[in-house]
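So the chains spell out like this:
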Amino acid sequence: MVERASFASYYGRPVIKAPAWEARDIAGYFFLGGLAGAGSVLAAALHAGGAARTATALKVTSVGSVALATAALIHDLGVPSRFTHMLRVVKPTSPMSVGSWLLTVYGPVAGVAAAAAVTGRVPRVGAVATGGAAVLGPAVATYTAVLAADTAVPAWHGAHRELPYVFAGSALAAASGAALLLGPPAETGTARATAVLGAAGESLADHAMRRRLGSVAVTLREGRAGRLLRAARTLTAVGAALAPVAGSRVAGAAAGAALLAGSVCTRFGVFAAGVASAKDPAHTVEPQRARLAAAAAGEEPAVEPG
């Protein structure tokens, strides 16, 4: 009898094609979208609390970030018409379609909120726009995680439950960092608290993500992704530690810069881990084999619902 064949790759080649996205464009798009969305939520809270200068700074930051994020997406698509073509239909089951419409609606709303805050005109319209941007903000900050997890890339799809929470925590930490960096110390009390909240949320979600990924989690620890994610954890922890005691411009700037840099490293690190997991066929084959074994034992379905 011939032993059952055991396949670890497709003739030594990757089983799936690695993402063709440019890291600078798409990982940057992930970061900028998160900063914009979480910034609008925090700006609304600051606006309601009377921290006008910091709220205005975040509103301007949000509209600038979403503009750059859209430009990065269009640059990666290669042809601007490819973005507008995605607006021909609304497809709720497609993260790309939903994301395109989110950017299209959120951008002008955030722009009105920023313009009203800067000029001081039409305050009621500005307040409504501020609230609208805050409502859309969480989706803008996290839909990119859903977009990535909807692919076959092992390190992204395998973390489809935790990745949106990683991105949400990272986005809140980044927005808090921007507030600490740009706002006067007297107005940054809320941002100091949300900085700690965002950093803690990201850390917990990252820990859960690594546990769920199992053997694929090695892509988060090694190579370029490992270096970036270790830097992200260090920078975010330093920023979160400094934030509560950031009672001066210098301390606030240091905490804010650390939090922003940590968020950048998180997005680029997750992107790099995804590319690495797609290039190594073992990260595609081994999780599938583990699911089949678990299904045979009656522990879980052979195909995980997506």
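Okay, so let's go over this structure. Here the structure is a predicted model, which is why all the values come from computation and not from measurement.

Here is what the cut-offs are and how they apply
Residues numbered from 1 in each chain as written. Predicted model: local features only at pLDDT ≥ 70, side-chain atom pairs only at ≥ 80, totals over all residues. Heavy atoms only, no water. 1 Å grid on protein atoms, 1.4 Å probe; cavity = no way out; pocket = protein on both sides within 12 Å on 5 of 7 lines; lining within 4 Å. Points joined across faces, edges and corners; volume = space filled by probe spheres on them. Helix = DSSP H or I, 4+ residues; strand = E, 2+ residues; numbered from the N terminus. Nonpolar A, V, L, I, M, F, W, Y, C, P; charged D, E, K, R; others polar. Patch = residues over 30% accessible without salt bridge, like charges linked within 9 Å, V, L, I, M, F, W, Y side chains within 5 Å. Areas by Shrake-Rupley, 256 points an atom, 1.4 Å probe, with all protein chains shown as cover. Salt bridge = Lys/Arg side-chain N within 4 Å of Asp/Glu carboxyl O. Lys, Arg positive; Asp, Glu negative; His and termini not counted. Charge placed at Lys NZ, Arg CZ, Asp CG, Glu CD. Expected span 1.5 Å × (residues − 1). Buried < 20%, exposed > 50% of the residue type's maximum accessible area, 1.4 Å probe, protein only. Contact = heavy atoms within 4.5 Å.

## What about empty space enclosed by the protein?
The tally for this structure, following the rule as stated, stands at two cavities of 30 Å³ or more. Reported here for the largest cavity is a volume of approximately 40 Å³. Taken together, Ser-40, Ala-43, Lys-59, Ser-62, Ala-110, Ala-113, Thr-130 and Ala-133 make up the full set of residues lining the largest cavity. Secondary structure elements with two or more residues in the lining of the largest cavity: α1 (23–48), α2 (52–77), α4 (95–119) and α5 (123–149). Residue composition of the lining of the largest cavity, by class: four nonpolar, three polar and one charged. Estimates place the volume of the second largest cavity at around 30 Å³. Lining the second largest cavity are Leu-180, Gly-183, Pro-185, Thr-188, Ala-246, Ser-248, Arg-249 and Gly-252.

## Some thoughts on the layout of surface pockets
Over the atoms rolls a probe the size of a water molecule, and in doing so it shows where empty space is left. Looking at the second largest pocket, its volume works out to about 190 Å³. Around the second largest pocket sit Val-166, Ala-199, Glu-202, Ser-203, Asp-206, Leu-229, Ala-232, Arg-233, Thr-236, Ala-237, Thr-266 and Val-270, which together line it. At the level of elements, α8 (189–213), α9 (223–242) and α10 (249–279) are the ones that each hand at least two residues to the lining of the second largest pocket. By residue number, the principal contributor to the lining of the second largest pocket is α9, which donates five residues.

## Notes on a positive patch on the surface
On the surface, a cluster of positive charge is contributed by Arg-224, Arg-227, Arg-230 and Arg-233. Of note, Arg-227 is situated in helix α9.

## So, unusual backbone geometry
Negative phi values dominate among residues other than glycine, just as trans dominates among peptide bonds. Look at Val-122: it is not a glycine, yet its phi comes out positive at around 35°. Along the chain, Val-122 falls in the loop between α4 and α5.

## So, α2
Between the first and last C-alpha of α2 there are 38 Å, a value that for 26 residues agrees with the 38 Å anticipated at 1.5 Å per step. Phi for Gly-78, located one or two positions after α2, is positive at around 95°.

## Some points on the pattern of salt bridges
For the coordinates displayed, the defined rule picks out two salt bridges. Of the charged contacts, one joins Arg-210 and Asp-206 as a salt bridge, the two residues approaching to 2.8 Å between their closest N and O atoms. Of this pair, Arg-210 and Asp-206 are both found in helix α8, four residues apart, which corresponds to roughly one turn of the helix.

## A few points about the side chain of Thr-236
Here Thr-236 shows up in helix α9. Under the relative-accessibility criterion, Thr-236 is labelled buried at 6%. Beyond its immediate chain neighbours, meaning those up to four positions away, Thr-236 contacts Ala-199, Glu-202, Ala-258, Leu-259, Gly-262 and Ser-263.

## Let's talk about the environment of His-75
If you trace the backbone, His-75 turns up in helix α2. Considered as a pair, His-75 and Glu-22 are 53 residues apart in the sequence and their alpha carbons are 9.5 Å apart. In this view, His-75 contacts Arg-24 and Asp-25; residues no more than four positions away in its chain are not counted.

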